[in-house]
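Now for the letters of each chain:
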Amino acid sequence: MKAIERIKMIAMKYSHAWVFLYGFIYMPWFMYLERRTNVRHFLIHSPIDNYIPFVEYFIVPYLLWFAFIAITVLYFFFTDKWGFYRLTAFLIAGMTLFLIICTVFPNGLHLRPTTFARDNIFVDIVKYVYATDTPTNVLPSIHVFNSIGVCIAIAHSDALKKHRKIQYTSYVLAALIILSTVFLKQHSVTDVIAAFALACIIYPFVYATQERKAPKLSHQPI
């Protein structure tokens, strides 16, 4: 009986895990967009892209994005239910709008270099990323949007406000990730601007108008 009660307590404590079910919506939809071939993709390009050099070393922060997002989401999952709900609401709203945009407005880019000035492990990793990630479905950049989202969540966290070094480190990493998207030619400057615009649209609905709901949710067990 003690084991059953413990399981029930854990289930109640982490009842907000249902949010992760969104992955079963996002991934199949995204994979469909990546694999479809019966559409014409609108090429995204900004004149500024022509002046941005390819720098393979940015592959490091680009790949750190995956850990950055996962660790932040799990941190809020285990420590701050209200913060977790707001963060995932922000991310899910943006990612869903991204899927809708790419569905009705197929887009891609033609920025990736075909030859490389240097031959090193960083270039090899970039080549692997190019081979596994199609240059389509780029607007707005999810790398940029999600980086903005976790930074906003970190900035709003009362607990993390006591750890300024963690906050500032997160902001620097997010900035490097955003820069990496254009220096690796994975995204156009237009994609980056679109991600910031999307974040500005969603932010008031998740963090401004929802502040009044915080007291009610704060009484729920985490």
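Now for a description of the structure that goes with this document. Keep in mind that what you see is a predicted model, and the values were worked out from it rather than measured.

Considerations on unusual backbone geometry
Most peptide bonds take the trans form, and the phi angle of most residues other than glycine is negative.
Here is step 1 of the chain: A cis amide bond links leucine 139 with the next residue in sequence, proline 140, at an omega value of -5°.
Here is step 2 of the chain: In this model, asparagine 137 sits at a positive phi of 55°, which is unusual for a non-glycine residue.
Here is step 3 of the chain: Along the polypeptide, asparagine 137 turns up in the loop between helix H5 (121–132) and helix H6 (142–156).
Here is step 4 of the chain: In this structure asparagine 137 comes out as buried when scored by relative accessible area, which is 6%.
Here is step 5 of the chain: The backbone of lysine 185 sits at a positive phi, close to 60°, despite the residue not being glycine.
Here is step 6 of the chain: Considering the arrangement of structural elements, one finds lysine 185 in the loop between helix H7 (164–183) and helix H8 (189–208).
Here is step 7 of the chain: With relative accessibility at 8%, the residue lysine 185 sits in the buried group.

Focus on a nonpolar patch on the surface
Here is step 1 of the chain: Taken together, Phe42, Leu97, Ile100, Val104 and Phe105 make up a surface patch of nonpolar side chains, about 460 Å² in accessible area.
Here is step 2 of the chain: Counting residues per element, the nonpolar patch draws most heavily on helix H4 (residues 81–104), which supplies three residues.
Here is step 3 of the chain: When you line up the elements, phenylalanine 105 lands in the loop between H4 and strand E2 (107–108).

Describing the nonpolar core
Soluble globular proteins tend to pack their nonpolar side chains together in the buried interior.
Here is step 1 of the chain: Judged by nonpolar contacts, the single largest core of 43 residues is most densely connected at Tyr26, Phe68, Leu87 and Phe90.
Here is step 2 of the chain: Going through the elements one at a time, helix H2 (23–35), helix H3 (59–79), H4, H6, H7 and H8 are the ones with two or more residues in this core.
Here is step 3 of the chain: Considering each element in turn, this core owes the most residues, nine residues, to H6.
Here is step 4 of the chain: Counting residues in hydrophobic clusters, the runner-up holds nine residues, among them Phe54, Val55, Phe58 and Val129.

Remarks on H6
Here is step 1 of the chain: Relative to the 21 Å expected for 15 residues at 1.5 Å per residue, H6 spans 21 Å between its end C-alpha atoms, a close match to the ideal helical length.
Here is step 2 of the chain: When you tally the buried positions in H6, you get 13 out of 15 residues, the bulk of the element.

Brief notes about the packing of aromatic side chains
Here is step 1 of the chain: Going through the model one piece at a time under the given rule, you end up with 21 aromatic pairs.
Here is step 2 of the chain: Ring geometry for phenylalanine 30 and phenylalanine 98: centres 6.3 Å apart, planes at 35°, overall tilted. You can see phenylalanine 30 sitting in helix H2 and its partner phenylalanine 98 sitting in helix H4, a full 68 residues away along the chain.
Here is step 3 of the chain: Given the relative accessible area of 17%, phenylalanine 30 is considered buried.
Here is step 4 of the chain: Given a relative accessible area of 2%, phenylalanine 98 falls into the buried group.
Here is step 5 of the chain: Ring centres of tyrosine 203 and tyrosine 207 lie 5.5 Å apart, and the angle between their planes is 15°; this geometry places the pair in the stacked category. Of this pair, tyrosine 203 and tyrosine 207 both sit in helix H8, four residues apart, roughly one helical turn.
Here is step 6 of the chain: Judged by its relative accessible area of 2%, tyrosine 207 falls in the buried class.
Here is step 7 of the chain: Clustering of aromatic rings is evident, with ring pairs tying together Tyr14, Trp18, Phe20, Phe77, Phe78, Phe84 and Tyr85.

Reading guide: rules and limits
Residues numbered from 1 in each chain as written. Predicted model: local features only at pLDDT ≥ 70, side-chain atom pairs only at ≥ 80, totals over all residues. Heavy atoms only, no water. Helix = DSSP H or I, 4+ residues; strand = E, 2+ residues; numbered from the N terminus. Buried < 20%, exposed > 50% of the residue type's maximum accessible area, 1.4 Å probe, protein only. Patch = residues over 30% accessible without salt bridge, like charges linked within 9 Å, V, L, I, M, F, W, Y side chains within 5 Å. Areas by Shrake-Rupley, 256 points an atom, 1.4 Å probe, with all protein chains shown as cover. Salt bridge = Lys/Arg side-chain N within 4 Å of Asp/Glu carboxyl O. Core = buried A, V, L, I, M, F, W, Y, C linked by side-chain atoms within 4.5 Å. Expected span 1.5 Å × (residues − 1). Phe/Tyr/Trp six-rings, centres within 6.5 Å; stacked < 30°, edge-to-face > 60°.

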